[in-house]
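# A structural walkthrough
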Amino acid sequence: MAKNLLIVESPAKAKTIEGYLGKDFTVKSSYGHIRDLVKSEDAIDVANKFKQKYEVPADKKQVVSELKKLAKEADTVWLASDEDREGEAISWHLFDTLNLKDENTKRIVFHEITKPAILKAIENPRKINYDLVNAQQARRVLDRLVGFELSPVLWKKVKPSLSAGRVQSVAVRLIVDREREINKFNSEAAYRVVAIFGKGKQAFKAELGERFVKKEDAEAFLKDCVDAIFNVNSLETRPAKRSPAAPFTTSTLQQEASRKLGFSVSRTMQVAQKLYESGHITYMRTDSVNLSDTALNAASQEIMSAYGDKYYHRRTFKTKSAGAQEAHEAIRPTYFNNHTIEGDGSEKRLYELIWKRAIASQMSEAAFEKTTAKIGISTRKEELTANGEVMKFDGFLKVYLESNDEEEDNQQDDDNTMLPPLSKGQQLDLQEMTATERFSRPPSRYTEASLVKKLEELGIGRPSTYAPTISTIQNRGYVVKEEREGKQRNFSVLTLKDKSINKEQRTETTGAEKGKLSPTDIGAVVNDFLVQHFKGIVDFNFTAKVEKQFDEIAQGLEEWTKMLDVFYKSFHKDVENTIQTADKATGERELGVHPETGEKISVRIGRYGPFVQIGENAGDDKDYKPQYASLRTGQSIETISLEEALELFKLPKQVGEFEGKVMKVAIGRFGPYISHNSAFVSLPKEIDPLDVTEEQAIELILAKRKKDAEKLIKVFDEDPTVKILNGRWGPYIEFGKQNVKIPKGKEPLELTYEECKALAEADSKAPKKGGGRFQKKGAKK
DNA sequence: CAGTGAGCGAGCTTCCGCTTGACTT
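A quick note: this is a predicted structure, and the numbers were derived from the prediction, not measured. (Residues numbered from 1 in each chain as written. Chains lettered and ligands numbered in written order. Predicted model: local features only at pLDDT ≥ 70, side-chain atom pairs only at ≥ 80, totals over all residues. Heavy atoms only, no water.)

## Details of the nonpolar core
Selection criterion: Nonpolar core, defined: a set of buried Ala, Val, Leu, Ile, Met, Phe, Trp, Tyr and Cys residues in which side-chain atoms within 4.5 Å join the residues together. Exposed residues in this analysis have more than 50% of their type's maximum accessible area, buried residues have under 20%, and partly exposed residues fall in between, with area computed by a 1.4 Å probe over protein chains only. Helix and strand definitions here come from DSSP, where helices need a minimum of 4 consecutive H or I residues and strands a minimum of 2 consecutive E residues; each element is numbered from the N-terminal end. The criterion used for residue contact is that any of the two residues' heavy atoms lie within 4.5 Å.
Counting residues in each nonpolar core, the largest one holds 138 residues, and the members touching the most others are Leu154, Ile281, Leu350, Leu451, Leu530, Phe534 and Phe571. Ranked by residue count, the leading element in this core is helix 5 (residues 130-157), at 11 residues. Ignoring any residue separated from it by four or fewer positions in sequence, one finds Phe571 in contact with Leu145, Val146, Glu149, Leu150, Phe534 and Ile537. One finds Tyr191, Leu384, Leu428 and Leu496 within the second-largest nonpolar core, a separate group that totals 28 residues.

The structure is reproduced here in structure tokens:
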């Protein structure tokens, strides 16, 4: 029987540590927090010093009972949860829940999972730090109070099932604000002048510093250059250096994996978790850029043996984020001598990224020589500038180069290449000069990863919650990740070549985006509501402000209930006030009046999403009814124009009759379609739904029937609406309007009618998403 | 993939941060 029970947070960690400690120690894991506030309203007794009601959630019962049993049998229990606010609280919850005793319980901490670090920790046990525990309680209680009081306000004033919280609401706000910046952005055009001098391998580019707003000015400049002589006015060469980035934290890993591998933040975390569990990397949820001494030594050995002494440079990094708690190491390979690992494609790629970044962080600077040549024009006072760069020593660039967010947006080729040997005064041979119309670009929409970066900068959220937060705001429908098709845009290019100027129009695609986040209408309406009524909570500095107070609590300088008392008094008043006085938020906007009837046209959010309304609300007049139409995907109540809104009423439209039934064209969730006798046919992209003719519609219906007939395997005599069809994922039963999957192992052709009926019934009883169609009554006054 | 945008009705939704699997598509 082991004399010692040591409890850590993560089971993978437990396994490693057990190997270091020998048979006197049993090492177990708590799997994170073992207790949480009860779900119900009475979790916090505000009037009684914010007394909390905790419970062990169902999925933790087993862990707790096993730990309880082991703790009873052990002589000493070592609480080794992480050294941060949450870790301290986990230790306290363990102490309390497992009924541990002060005299044989020891609290220890370590920042790295190495044998010496753990042995040292065991030699220096301490007691639970209750100030730190109180800081965690304050954090936990504040988040619950905010989340569970704000959300119900939204249910009443906006829509049921919505949510708000200290972290998610700010994340949404960032995205809404950014979208509005983009909407109000006015693109300005200016001509950029680039000259190419020399021929073949000696050719190089030079650019004019200023840009011309007017086309005439650009043209005049080119005209002046037709007979000009170009000389090198000055030549300057200077050395430049570049240093490697710090090893990965959770947030920087998510950013690089997004840019270099195209991973979503949750994908990155899933793959990293696998790498961690198979022992390839250190812990992946960390805000620290530190490497342990053991790691530093291993990296140095690896670099020296693989690349040589001059590539090695020992570095330590300091964290830049204010809220960092640094309970762990940076993310790094467990063994630096493994340049690659076994595993699937994404595991290999992510591992290599982590390996390269960590190795590079301990390598020498790269050295460059930068050359700038200023080129004079005999007929003008302006100068052209040519930049060249030569790498003198690659250093860390041998293994790794960090990318940046702007890269993808950079349509301009401002690459610093080599310049040919030049001398001052030298006359140059102009090959070609172009003046190209360029447009200023609006700020970019956030990607998942750049949003995480921004949140981290603001000190909002933690490594363990970045990915879940990003999911939450998408699941609530506040934000969507969309692919946007770009728009075509014309631009002019003036080219001077062989002493003549040629003008042409070219087209480019602009605004095409993939995987960028934009707000939905409901996201914008909820945001505006919160900004209006709870400015303090959705303030970008709110978290930083309360974090400062949590720090004071942790240092024993402030009492946690006092801090909460001050906060809650004013917050709760705002909640009460808003419930009493605020109108329902619908985001209503008036677009104008109908050009023919003069009726009011407005947009707002309703039970089924955003819609346009023509006419006033009916009121008591039974004969009058306003007209309604839903907005289409991609349209927003914030940006839709009067013309676009009126377009929506042109559909659905009857296009004729076929087999005695009408054919209607409409637009649904999946785009334009024709409906006929309860059958649907999608409209091909090239046909404008407003222009569909009767003949076209019949043709499309017949084509669809033919295609369906090819899919048909069997029709039942008992009921011809019951069929077996060949679908994209294999055969399935069509039972009236219901589609039912055929279970594995069943031969579709041998199914009887009774079996199909039974399957359909079982399927309809299976739990389905949705429900909650009714609004709670609002407290209107 | 339609229709809907009144009100009636019970009971439901929701936070952030620590951890993994157990689930389905």
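## Topic: the sheet that holds strand 23 (residues 627-630)
Just so we agree on the cut-off: Two strands form a pair only when DSSP identifies at least two bridges running between them. What counts as an axis is a line fitted to C-alpha atoms, over the stretch in contact for a helix, and the angles between N-to-C directions run from 0 to 180 degrees.
Overall, antiparallel pairing links the four strands, which are arranged 20-21-22-23 in an open sheet. On the outer flanks of this sheet lie strand 20 (589-593) and strand 23, each paired with one strand and no other. Adjacent strand axes in the sheet meet at a mean angle of 25 degrees when their direction is disregarded. One ladder, built from four bridges, connects strand 22 (residues 609-614) with strand 23; its direction is antiparallel. Counterpart to Val612 in the pairing with strand 23 is Ala629.

## Here we look at the packing of aromatic side chains
Let me state the cut-off plainly: In summary, the pairing rule links any two rings of Phe, Tyr or Trp, Trp by its six-membered ring, whose centres are within 6.5 Å, and it sorts them by plane angle into stacked for under 30 degrees, edge-to-face for over 60 and tilted for everything else.
According to the stated counting rule, one finds 14 aromatic pairs in the structure shown. Centre to centre, the rings of Phe197 and Phe230 are 5.3 Å apart; their planes meet at 65 degrees, and the pair counts as edge-to-face. Remark: Phe230 occurs in strand 11 (residues 230-242) and Phe197 occurs in strand 9 (residues 189-197); sequence separation between them is 33 residues. Accessibility expressed as a relative area gives 2% for Phe230, which makes it buried. Plain terms: the ring middles of Tyr673 and Phe680 are 5.5 Å apart, the flat faces sit at 70 degrees to each other, and that makes the pair edge-to-face. What makes Tyr673 partly exposed here is its relative accessible area of 22%.

## So, the UniProt feature "site: Interaction with DNA" (unreviewed entry) in chain A
Spelled out, the test is: UniProt positions are given in the numbering used here, feature names are shortened, and annotations may be inferred rather than shown by experiment.
The residues that UniProt annotates with the feature "site: Interaction with DNA" (unreviewed entry) are His33, Arg139, Arg140, Asp143, Trp155, Arg285 and Arg476. Considering the C-alpha atoms alone, the annotated residues occupy 444 residues of sequence and remain spread out, their largest mutual distance being 33.6 Å. Accessibility expressed as a relative area gives 15% for Arg140, which makes it buried. When residues no more than four places from it in sequence are discounted, the contact partners of Arg140 are Asp36 and Leu37. Counting through the fold element by element, Trp155 comes out in helix 5.

## Some thoughts on the environment of Thr249
Tracing the backbone shows Thr249 in the loop between strand 11 and helix 8 (250-261). Separated by 277 residues in the primary sequence, Thr249 and Val526 place their C-alpha atoms 32 Å from one another. Those residues in contact with Thr249 that lie beyond four places of it in its chain are Thr286, Asp287, Ser288, Val289, Ile331 and Glu456.

## Some points on unusual backbone geometry
The phi torsion at Ser161 lies on the positive side, around 70 degrees, for a residue other than glycine. For Ser161, the position within the fold is in the loop between helix 5 and helix 6 (168-184). Phi angles above zero are rare outside glycine, and Lys499 is one such case at about 65 degrees. Inspection of the secondary structure puts Lys499 in the loop between strand 17 (487-497) and strand 18 (500-510).

## Looking at the side chain of Glu149
Quick reminder of the rule: A residue counts as positive if it is Lys or Arg and as negative if it is Asp or Glu; His and the chain ends are not included. Take a side-chain nitrogen of Lys or Arg and a carboxyl oxygen of Asp or Glu: if they are within 4 Å of each other, that pair is a salt bridge.
Within the secondary structure, Glu149 sits in helix 5. Buried within the structure, Glu149 lacks any salt-bridge partner; Lys156 is the closest side chain of opposite charge, at an N-O distance of 9.6 Å. Here Glu149 is in contact with Arg144, Tyr568, Phe571, His572 and Val575, once residues within four sequence places are set aside.

## Quick word on helix 3 (residues 85-97)
Rule in force here: The span expected for a helix works out to 1.5 Å for each residue beyond the first.
Compared with the 18 Å implied by 1.5 Å per residue over 13 residues, the 18 Å span of helix 3 between its first and last C-alpha is a close match. Within helix 3, 11 of the 13 residues are buried, which leaves the element mostly enclosed by the surrounding structure. All of the buried residues along helix 3 are Arg85, Gly87, Glu88, Ala89, Ile90, Ser91, Trp92, His93, Leu94, Phe95 and Thr97. Asn99, located one to two residues past helix 3, shows a positive phi value of around 50 degrees.

## What to know about empty space enclosed by the protein
Stated formally: A 1.4 Å probe that fits into a set of points on a 1 Å grid over the protein atoms alone but cannot get out defines a cavity; an open set with protein on both sides within 12 Å along at least five of seven lines defines a pocket, and lining residues are those with an atom within 4 Å of a point. Grid points are joined across faces, edges and corners, and a volume is the space filled by probe spheres set on the points. Three classes are used: nonpolar for Ala, Val, Leu, Ile, Met, Phe, Trp, Tyr, Cys and Pro, charged for Asp, Glu, Lys and Arg, and polar for all others, with Gly counted as polar.
All chains considered together, the criterion is met by one cavity of 30 Å³ or more. Its volume calculated, the largest cavity comes out at about 40 Å³. The wall of the largest cavity is formed by Ser163, Gln168, Ser169, Val172, Tyr478, Val526, Asn527 and Leu530. Considered class by class, the residues forming the lining of the largest cavity number four nonpolar, four polar and no charged.

## Points about the UniProt feature "domain: Toprim" (unreviewed entry) in chain A
As annotated in UniProt, the feature "domain: Toprim" (unreviewed entry) corresponds to residues 3-113 in the numbering used here. Secondary structure content for residues 3-113 is 33% helix and 23% strand, and the end C-alpha separation is 22 Å.

## Quick word on the confidence of the model for chain A
Selection criterion: The pLDDT value tells you how sure the predictor is about a given residue, anywhere from 0 up to 100.
With 93% of its residues at a pLDDT of at least 70, chain A reaches an overall mean of 90. In the model, residues 767-781 has pLDDT below 50 throughout and makes 11 contacts with residues more than four positions away in sequence or in other chains.

## A few points about the packing of helix 12 (residues 448-457) against helix 13 (residues 466-475)
Applicable threshold: By definition, turning the near helix anticlockwise from the far helix through less than a right angle yields a left-handed crossing, and turning it clockwise yields a right-handed one.
The geometry of helix 12 relative to helix 13 is characterised by a closest axis approach of 10 Å and an angle of 115 degrees between their N-to-C directions. As for how helix 12 packs across helix 13, the hand of that crossing is right-handed. Here Glu448, Leu451, Val452 and Glu456 of helix 12 lie close against helix 13, whose contacting residues are Tyr466, Ile470, Ile473 and Gln474. Of the residues that constitute the contact of helix 12 with helix 13, the class distribution is five nonpolar, one polar and two charged.

## Concerning the pattern of salt bridges
Enumeration over the complete set of coordinates arrives at 48 salt bridges. The closest approach of N and O atoms between Asp528 and Arg180, which form a salt bridge, is 3.0 Å. Taken together, the residues span a long stretch of sequence, with Asp528 in helix 14 (residues 521-533) and Arg180 in helix 6 at a distance of 348 residues. For Lys497, the salt bridge is made with Glu432, and the minimal N-O distance between the two is 4.0 Å. A residue pair is termed long-range when its members are at least 10 positions apart, and Lys497 in strand 17 and Glu432 in strand 15 (residues 430-439) qualify at 65 residues. You can call Lys497 partly exposed: its relative accessible area is 39%. Looking at Glu432, the relative accessible area reads 23%, which means it is partly exposed. Connected via shared salt-bridge partners are Glu179, Arg445, Glu482, Arg484, Glu513 and Lys516.

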